[in-house]
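# Per-entry structural report
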Amino acid sequence: MKLDVNALGTFYRMAREGAGLAAGRLTHMTDVETRAGVTKLNFMRGREIRRDFEDSTSKVGVRVELTGAIEGYSVIVFERENALRIVESLLEESATDTDTESELSGEAGELDEFNEMTRSAATEVGNIMNNGFIDGWADVLETVIDVSTPEFVEGRSADTFFDEVEKAPAGDDLALLFQSQIETVETQVGFSHYLFPERESMAALLDRLRTSGGIEYDKLDGFDRMAERGAEEVAKTATTLTGIDTSVEIRRLNFVSLETIPEQVPDERLVGVAFEFDGVPSGYLLFLFDEESANEIVDAMVPTGAGDTEGTEGFGQMGQSAIQELGNIMASGFLDGWANVLDTTIDHSTPEFIHDIGAAAVDPVVIQLGEDQEFAFVFDTVIVAAGREFDCEVYAIPDESDLERALNDLDVDRIEEEPTTAEFQNVTGTGTGTTGGAGTDTNTDTDTDTDT
C-alpha cells in the first residue's frame with residue numbers, strides 16, 4: 001500500500017466534512033449548539049488505541065460496518081455520562097411535544113442507567129452521528145458507502161468496543177485511524193469518532209487518489225518505530241539529567257492540517273525550547289512544559305536559589321539555561337536515532353527559549369512551514385513522571401518533501417540495529433554541557449538569550 005500527501009489530504013478533508021455534517025445533525029436533534037473540534041488522521045498502534053480506554057470510566061458506543069467505497073467499521077464513543085446527558089436532552093425535547101411531559105421529564109431528570117428506551121435513543125444518536133461522517137466522506141469521494149444496522153456497545157475497556165472489529169489493529173500493528181471530536185458550545189458533551197478502514201479497501205482508495213509515486217506504507221511504519229525509539233531516548237535523558245523518573249505516556253503520528261496544530265497545544269502558559277533541524281529530513285522540534293513542570297526541572301538541575309535570579313517572567317538566566325540545556329540534549333537523543341538509521345547528518349539549531357500561552361508557542365513554526373505546505377506529519381509525544389509534576393509535550397514536525405525523501409531512502413532493517421543513545425557529559429547545575437550522537441551535529445551555545 002502506498003500513500004502520498006495528496007491522498008491523505010483528501011482523506012483529511014473527508015474527515016472534516018463528515019465532522020461538520022455530524023455536528024450539524026447533533027445540533028438539529030438536541031437543540032444544543034455544537035461544532036466540529038480537532039480532526040486527525042492518526043497512525044496508531046493497537047496498544048496506543050487501547051491506552052485511550054485505560055481511565056476505567058464507563059463508555060458507550062455505537063458501531064456500524066461499512067461496505068462499498070470504504071470497507072471497515074465506524075465507531076462513535078461517548079463518555080457514559082455524556083451519552084446519558086444527550087439522551088436526557090432528547091427526552092426533554094420529546095416531552096414538550098407530547099401529553100406525557102411530566103412522566104418523561106421526570107425520568108430524564110433521573111437518568112443514571114440505560115433501559116430499553118434510553119438505549120434506543122442513544123443508538124439513534126450514534127447512528128445519526130455515524131451517518132453524518134459517512135455522508136461527508138461519500139460527498140468528497142463522489143461515491144456510495146453502505147452502512148449496516150447500528151450496534152449499541154457499553155463497557156470500560158477497548159476490548160468491548162474493538163475486539164469484534166475485524167482486522168482492528170492489535171499490539172504493534174500500525175493502522176490509519178480517523179479521529180474526530182465534536183464539542184458543544186455551552187456544555188461538556190462531546191464524543192470521539194473512530195474509523196477502522198479495511199486495509200485492501202484503503203489501499204484501493206489511496207491508489208485512486210495518489211498524484212505521485214507515493215511512499216510505501218511499511219516505510220512509514222518503520223519511521224514511526226524510529227520516532228518511538230527517539231521518544232524513549234528523550235524520557236531516559238530527562239531521567240538522567242533531572243533525577244526525575246520519567247516515561248512515555250502517549251505517542252502518536254498524526255497527519256493534520258497545519259492550521260489545526262495550535263488547537264492541539266494546551267491552552268495555558270507553557271515553557272519550553274524550539275529547534276529547527278536541517279538535513280534529511282529537516283523540520284522543527286519543540287519540547288513544551290507547563291510552568292509547574294518547568295519549575296520542577298529548574299529545581300532539579302540548578303543549585304538552590306539560582307533559578308530565582310532576575311530574568312524573563314519568573315525564569316532567571318540560570319533557569320532558562322537549564323531548560324535550554326535539557327532540551328538541547330533531549331533533541332540530540334531524538335534526532336541522533338534518525339540520523340543513525342538514515343545514515344545521514346541532521347544539524348539542529350541552538351535552543352530557542354519559549355515562555356508563552358499555548359498556541360503562541362507553536363505559531364512561528366506553523367507560519368514558516370505554511371509557506372510551502374498545507375499539511376504535516378506530527379510526531380506527538382507526552383512524557384510524564386509518576387508522582388511528580390513533570391509533563392513534557394514533544395512535537396516533531398518534519399518538512400513534507402524532506403520526509404518523503406527520507407522515507408523512500410529508509411532501510412527498515414537498520415532501525416533495530418542502529419544506536420539511538422546520545423553521548424553527553426553530566427551537566428546538572430551547569431547549563432553548559434556538550435551533546436552529539438553519531439549522526440547529529442549540534443550547537444550547544446545555550447547562553448544566547450532567545451526569548452520569544
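All values reported here derive from a predicted model rather than from experimental measurement.

Phe11, Phe43, Leu285, Phe287 and Trp338 are the most contacted members of the largest nonpolar core, which totals 105 residues. Leave out the neighbours within four places in its chain, and Phe11 touches Leu41, Leu176, Phe178, Met202, Leu205, Leu206 and Leu209. One finds Leu258, Leu286, Val365 and Val378 within the second-largest nonpolar core, a separate group that totals 19 residues.

Within strand 12 (residues 283-290), eight of the eight residues are buried, leaving the element largely enclosed by the surrounding structure. Of the two faces of strand 12, the one holding Gly283, Leu285, Phe287 and Phe289 and the one holding Tyr284, Leu286, Leu288 and Asp290 are both buried throughout. Linking strand 11 (residues 269-279) to strand 12, which pair antiparallel, is a turn of three residues. Of the pairings in the sheet, the one linking strand 12 to strand 18 (residues 391-398) comprises seven bridges and is antiparallel in character. Residue pairing in the sheet places Leu286 in a bridge with Tyr395 of strand 18.

To continue, consider unusual backbone geometry. Val280 connects to Pro281 through a cis peptide bond whose omega is 5°. Looking at where Pro281 falls in the secondary structure, it is placed in the loop between strand 11 and strand 12. One non-glycine residue, Glu142, adopts positive backbone phi at about 55°. A positive phi is found at Asp343, a non-glycine position, where the angle reads about 55°. Within the fold, Asp343 resides in the loop between helix 11 (317-342) and strand 15 (346-348).

Within strand 8 (residues 191-197), seven of the seven residues are buried, leaving the element largely enclosed by the surrounding structure. Neither face of strand 8 is left uncovered, since the one carrying Phe191, His193, Leu195 and Pro197 and the one carrying Ser192, Tyr194 and Phe196 both have all their residues buried. Taken together, the seven bridges between strand 4 (residues 72-79) and strand 8 define a ladder with antiparallel strand orientation. When the bridges of strand 8 are listed, Val77 appears paired with Ser192.

We now examine the packing of helix 1 (residues 5-30) against helix 5 (residues 116-141). Remark: helix 1 packs on helix 5, axes separated minimally by 7 Å, with the N-to-C direction vectors making an angle of 140°. Here helix 1 lies oblique to helix 5, going by the angle between them. Every pair of crossing elements has a handedness; the one defined by helix 1 and helix 5 is right-handed. For the pair helix 1 and helix 5, the contacting residues are Thr10, Arg13, Met14, Ala15, Glu17, Gly18, Ala19, Leu21, Ala22, Arg25, Leu26 and Met29 in the first and Val125, Ile128, Met129, Asn131, Gly132, Phe133, Asp135, Gly136, Trp137, Asp139, Val140 and Leu141 in the second. The residue inventory of the contact of helix 1 with helix 5, partitioned by class, reads 14 nonpolar, five polar and five charged.

Here we take up the packing of aromatic side chains. Overall, the coordinates contain 14 aromatic pairs when judged by the stated rule. Seen in terms of ring centroids, Tyr194 and Phe196 are 6.4 Å apart; in terms of plane orientation they differ by 5°. Their pairing is stacked. Looking at Tyr194, the relative accessible area reads 4%, which means it is buried. You can call Phe196 buried: its relative accessible area is 6%. Among the aromatic side chains, those forming a connected cluster through ring pairs are Tyr12, Phe43, Tyr217, Phe255, Phe375 and Phe377.

Between helix 1 and helix 7 (residues 199-209), whose axes approach to 8 Å, the crossing angle comes to 115°. Comparing the axis directions of helix 1 and helix 7 gives the class roughly perpendicular. As for the relative orientation of helix 1 and helix 7, their crossing is right-handed in sense. Residues Asn6, Ala7, Thr10 and Phe11 of helix 1 touch helix 7, and the partners they reach there are Met202, Leu205, Leu206 and Leu209.

Assignment of secondary structure puts Thr10 in helix 1. Each residue touching Thr10, except ones within four places of it in the same chain, is listed here: Val140 and Leu209.

A surface patch of like charges, here negative, comprises Glu249, Asp267, Glu268, Glu292 and Asp391. One can find Asp391 in strand 18.

Calculation notes
- Here the residue index of a chain counts from 1 through its sequence in written order.
- Residues qualify for local features only when their pLDDT is at least 70, as the model is predicted, and side-chain atom pairs are given and counted only at 80 or more; totals for whole chains, interfaces and linings, by contrast, use all residues.
- Side-chain measures were taken over the full set of non-hydrogen atoms in the model, leaving aside hydrogen atoms and water.
- Working definition of a nonpolar core: buried Ala, Val, Leu, Ile, Met, Phe, Trp, Tyr and Cys residues. They are joined through side-chain atoms within 4.5 Å.
- Classification of residues uses two cut-offs on accessible area relative to the type maximum, computed with a 1.4 Å probe and protein chains only: under 20% is buried, over 50% is exposed, and between them is partly exposed.
- Every residue pair with non-hydrogen atoms within 4.5 Å of one another is taken to be in contact.
- Elements are defined by DSSP. Helices are runs of H or I of four residues or more, strands are runs of E of two residues or more, and each kind is numbered from the N terminus.
- For two strands to be treated as a pair, DSSP must find at least two bridges joining them.
- Comment: axis = line fitted to C-alpha atoms, over the contacting stretch for helices; angle = value between 0 and 180 degrees taken between N-to-C directions.
- Angles are sorted into four bins: roughly parallel if under 35 degrees, roughly antiparallel if over 145, roughly perpendicular if 65 to 115, and oblique for all others.
- Should the near helix be turned counterclockwise from the far one by less than a right angle, the crossing is left-handed, whereas a clockwise turn marks it as right-handed.
- Residue type decides the class: Asp, Glu, Lys and Arg count as charged, Ala, Val, Leu, Ile, Met, Phe, Trp, Tyr, Cys and Pro as nonpolar, and the leftover types, Gly among them, as polar.
- Only rings of Phe, Tyr and Trp enter the pairing, Trp through its six-membered ring, and a pair is recorded when the two centres are within 6.5 Å. The plane angle decides the type: under 30 degrees is stacked, over 60 is edge-to-face, the rest tilted.
- Here the term patch refers to residues with relative accessible area over 30% and no salt bridge, with like charges joined within 9 Å and nonpolar side chains (Val, Leu, Ile, Met, Phe, Trp, Tyr) within 5 Å.
- For every accessible area listed, the method is Shrake-Rupley and the probe measures 1.4 Å; residues are considered covered only by the protein chains on display.
- We define a salt bridge as a side-chain nitrogen of Lys or Arg found within 4 Å of a carboxyl oxygen belonging to Asp or Glu.
- The positive count covers Lys and Arg only, the negative count covers Asp and Glu only, and His and the chain ends enter neither.
- Lys charges are placed at NZ, Arg charges at CZ, Asp charges at CG and Glu charges at CD.

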